[in-house]
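# Coordinate analysis (summary)
Residue-level listing of the chains:
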Amino acid sequence: MQVRKPVKLNDTQTQEWMLTLLKRAKETGENGEVPITAIILDERGHCIGHGRNNRNKTNNPLGHAELIALRQAAWIKEDWRFNECTLIVTLEPCQMCAGALIQARMGKVIFGAEDHKRGGLGGAIDLSADKSAHHKMDVQGGIMRDQIKKEIENWFALTRQKAIKT
């Protein structure tokens, strides 16, 4: 049996995907959601799932971009195992999403800005390195960190300003 591995993206490809996600994140923020977006690529580099935060719109605590992308990709793959896939997301996955990615056996995770308050892949805690993690995935963070961090910080500042005015 041939072991399929995640697609190898060069720096330019990774930057291009992150730019696309950042653009979608801005649109997500304009719609009142925390500006976080994610995609899942299969071993050929084809997008098989995408998601954007929608917790506020759906009143669903599970409305995280990563979980939405996972759900879509699982439906397309007709499988829950993602060993050969790569998830790219603007912000480091929270602990809930990191746990889901471990359970899904995601091959690789690439994220933009670290989340030092809630991050589950090194920012606050690294669930992928915990001895209880039955699956080890490749994790790469800090892609376009400054631009993404600025976008998220600006969104929260604007949201706070709007709340004060009302």
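Residues numbered from 1 in each chain as written. Predicted model: local features only at pLDDT ≥ 70, side-chain atom pairs only at ≥ 80, totals over all residues. Heavy atoms only, no water.

### A word on the overall build of the chain
Using the following cut-off: Here a strand is any run of E in DSSP of at least two residues, a helix any run of H or I of at least four, and the numbering for each starts at the N terminus. Computation of the radius of gyration draws on C-alpha atoms, with the globule rule given as 2.2 Å multiplied by the number of residues to the power 0.38. For the exposure calls, accessible area comes from a 1.4 Å probe over protein chains only, and a residue counts as buried if that area is under 20% of its type's maximum, exposed if over 50%, partly exposed in between. It only takes one pair of heavy atoms within 4.5 Å for two residues to be counted as in contact. All accessibility values rest on the Shrake-Rupley procedure with a 1.4 Å probe; residue burial counts only the protein chains present in the view. As used throughout, the charge tally considers Lys and Arg to be positive and Asp and Glu to be negative, leaving His and the chain termini uncounted. Every charge is mapped onto a representative atom, which is NZ of Lys, CZ of Arg, CG of Asp or CD of Glu.
Helices and strands together make up the secondary structure of the chain, namely five helices and five strands. Counted from the first residue to the last, the chain has its helices and strands arranged as α-β-β-α-α-β-α-β-β-α. Relative to the globule expectation of 15 Å for 166 residues, the C-alpha radius of gyration of the chain, 15 Å, shows essentially globular dimensions. C-alpha atoms of the chain, sized along the principal axes, occupy 60 × 35 × 30 Å. A burial count over the chain gives 45% of its 166 residues as buried. Excluding contacts between residues fewer than 6 apart, the proportion of contacts in the chain whose partners are at least 24 apart in sequence is 61%. For the chain, the exposed area adds up to about 9600 Å²; of that, 50% sits on carbon and sulfur atoms. Taken as two groups, the 25 positive and 20 negative side-chain charges of the chain have centres that lie 3 Å from each other.

### Concerning a positive patch on the surface
Rule in force here: In this analysis, a patch consists of residues with relative accessible area above 30% that form no salt bridge, clustered at 9 Å for like charges and at 5 Å for the nonpolar side chains Val, Leu, Ile, Met, Phe, Trp and Tyr. We define a salt bridge as a side-chain nitrogen of Lys or Arg found within 4 Å of a carboxyl oxygen belonging to Asp or Glu.
A cluster of basic residues, Arg55, Lys117, Arg118 and Arg160, forms a positive patch on the protein surface. On the secondary structure map, Lys117 appears in the loop between strand E4 (108-113) and strand E5 (138-140).

### Digging into the packing of aromatic side chains
As a reminder of what qualifies: Two rings belonging to Phe, Tyr or Trp (six-membered ring only in the last case) form a pair when the distance between their centres is within 6.5 Å. Interplanar angles under 30 degrees mark stacking, angles over 60 mark edge-to-face geometry, and anything in between is tilted. Any Lys NZ or Arg CZ found within 6 Å of a ring centre and within 35 degrees of that ring's normal is scored as a charge over the ring.
One pass over the full model with this rule turns up one aromatic pair. Ring geometry for Trp155 against Phe156: centres 4.9 Å apart, planes inclined by 85°, an arrangement best described as edge-to-face. When the ring centre of Phe82 is taken as reference, the NZ or CZ atom of Lys77 above it lies at 5.3 Å.

### Structural notes on the environment of Ile110
By the element assignment, Ile110 lies in strand E4. Sequence separation of Ile110 and Val139 is 29 residues, and the distance between their C-alpha atoms is 6.0 Å. Discounting residues that sit within four places of it in the chain, Ile110 has contacts with Leu9, Thr14, Met18, Thr86, Leu87, Ile88, Val89, Gln140 and Ile143.

### Some words on the pattern of salt bridges
Scanning all chains against the criterion turns up six salt bridges. In this structure, the salt-bridge partner of Arg44 is Asp42, at a minimum N-O distance of 2.4 Å. With its nearest N and O atoms 3.7 Å apart, the salt bridge here joins Asp138 to Lys108. Remark: Lys108 occurs in strand E4 and Asp138 occurs in strand E5; sequence separation between them is 30 residues. We classify Asp138 as partly exposed; its relative accessible area is 41%.

### A few points about the sheet that holds strand E1 (residues 37-41)
Under the convention used in this document: Pairing between strands requires that DSSP locate at least two bridges from one strand to the other. For helices, the fitted line uses only the C-alpha atoms of the stretch in contact; every axis is such a line through C-alpha atoms, and the angle between N-to-C directions lies from 0 to 180 degrees.
One open sheet accounts for five strands, arranged E2-E1-E3-E4-E5; its pairing is mixed. Both outer strands of the open sheet, strand E2 (47-52) and E5, are each paired with one neighbouring strand and no more. Pairs of neighbouring strands in the sheet enclose a mean axial angle of 15°, with direction left out of account. With five bridges connecting them, E1 and E2 associate as antiparallel partners. Bridge pairing in E2 places Ile40 opposite Gly49. With respect to the sheet, helix H3 (residues 65-77) is in contact with E1, E2 and strand E3 (86-91), its orientation differing from that of E2 by roughly 150°. Set on the sheet, helix H5 (residues 145-165) makes contact with E3 and E4; between it and E4 the angle comes to about 65°.

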